[in-house]
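# Coordinate inspection notes
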Amino acid sequence: MEKNYLPIAIDISNSKILIIGGGQSALKKIRILQRSGANIEVVAGNIVDEVYASGVICHLKKYEKSDLNGYLMLYSCTNNETLDKQIAEDGKEAGVLVNVHDNPTLCQFVSPAIYRDGNLSVAVNSNAENVYEAIRVRNLIQEYLENLKNTQI
Ligand SMILES: C[C@@]1(CC(=O)O)C2=NC(=C\c3[nH]c(c(CCC(=O)O)c3CC(=O)O)Cc3[nH]c(c(CC(=O)O)c3CCC(=O)O)/C=C3\N/C(=C\2)[C@@H](CCC(=O)O)[C@]3(C)CC(=O)O)/[C@H]1CCC(=O)O
Ligand SMILES: NC(=O)c1ccc[n+]([C@@H]2O[C@H](COP(=O)([O-])OP(=O)(O)OC[C@H]3O[C@@H](n4cnc5c(N)ncnc54)[C@H](O)[C@@H]3O)[C@@H](O)[C@H]2O)c1
């Protein structure tokens, strides 16, 4: 079936979010999620220093399906397609929303390109078809809004 994403805004300030993987891709997700005050935990066999330093809760271990209990959503950043597929399946069964880093076919939800200024946020998606277009349009909107703000002062 063709994908058709609904853009929504979701309060994650009190929700537990799991990231599987502890490399640079996981770190990028952590940086974005921390802006929304998420309660983030990491499960990974290897965890880079910057992930430890970010202050998230780290579990240095191999992934098991039982790791998914109690999470609202998960981000799979394992850099391993076979494992990503398994995690996507496990997440579906466990009722946890799944994002697989840079892999739209396995994603139940995708992350938009975001511009945020206080309570105003702009999120641009491309229905997971062209992330570069989403980033380009976000940057154009950001530039427009920042110029508007500067001319109003
Ligand atoms: C917006 C953002 C949000 C975020 O990640 O939170 C995001 N990707 C970001 C950055 C980024 N992604 C990539 C690079 C190149 C450098 C690199 O390789 O690292 C950079 C640039 C960078 O890192 O600076 C590569 C890439 N990404 C995907 C593919 C596979 C594919 O498209 O098939 C490929 C390989 C494409 C190729 O073949 O070249 C897929 C996805 N990326 C998405 C979101 C989802 C689609 C959303 C939509 O448009 O609907 C989706 C489907 C899944 C997902 O949610 O991950 C974030 C912007 C951060 C910001 O600027 O604020
Ligand atoms: N500079 C950047 O902004 C940037 C961003 C993304 C990726 N990269 C590069 O791309 C490459 C890939 O990075 P990455 O973070 O996607 O992948 P990675 O291979 O660096 O990390 C994968 C993570 O998944 C974990 N993992 C794999 N199998 C597991 C299992 N069975 N159980 C538990 N944990 C498991 C590993 O322990 C590791 O922490 C790297 O070379 C990275 O430096 C760079």
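Computed from a predicted structure; not experimentally measured.

Close to ligand 1 lie 20 residues; K28, N99, S126, Y132 and R138 are nearest. Between ligand 1 and the protein, one listed contact pairs an oxygen atom with a side-chain N or O atom of K29 at 2.9 Å. The separation between an oxygen atom of ligand 1 and a polar side-chain atom of N125 is 3.3 Å. Computed on the free molecule, ligand 1 has an accessible area of 1,100 Å², of which 67% lies beneath the protein chains in the complex. If you list the elements that add at least two residues to the shell around ligand 1, you get α1 (24-34) and α4 (131-152). No other element matches α4, which puts 5 residues into the shell around ligand 1.

The next subject is helix α3 (residues 81-94). Compared with an ideal rise of 1.5 Å per residue, which puts 14 residues at 20 Å, α3 spans 20 Å between its outermost C-alpha atoms and is within 8% of the ideal. Along α3, the residues classified as buried are D84, I87, A88, D90 and G91. Near the N-terminus of α3, the side chain that reaches the backbone nitrogen of T82, with its oxygen 3.1 Å away, is that of N80. Taken from the residues just after α3, G95 is the one with a positive phi, measuring 75 degrees.

Take the packing of aromatic side chains next. The tally for this structure, following the rule as stated, stands at 1 aromatic pair. Positioned above the aromatic ring of Y71 is the side chain of K16, whose terminal nitrogen or guanidinium carbon lies 4.6 Å from the ring centre.

What counts, and where the lines are drawn
Residues numbered from 1 in each chain as written. Chains lettered and ligands numbered in written order. Predicted model: local features only at pLDDT ≥ 70, side-chain atom pairs only at ≥ 80, totals over all residues. Heavy atoms only, no water. Near = heavy atom within 4 Å. Polar contact = N/O pair within 3.5 Å; in protein donor to acceptor, adjacent residues only side chain to side chain. Areas by Shrake-Rupley, 256 points an atom, 1.4 Å probe, with all protein chains shown as cover. Helix = DSSP H or I, 4+ residues; strand = E, 2+ residues; numbered from the N terminus. Expected span 1.5 Å × (residues − 1). Buried < 20%, exposed > 50% of the residue type's maximum accessible area, 1.4 Å probe, protein only. Phe/Tyr/Trp six-rings, centres within 6.5 Å; stacked < 30°, edge-to-face > 60°. Lys NZ or Arg CZ within 6 Å of the ring centre and 35° of its normal.

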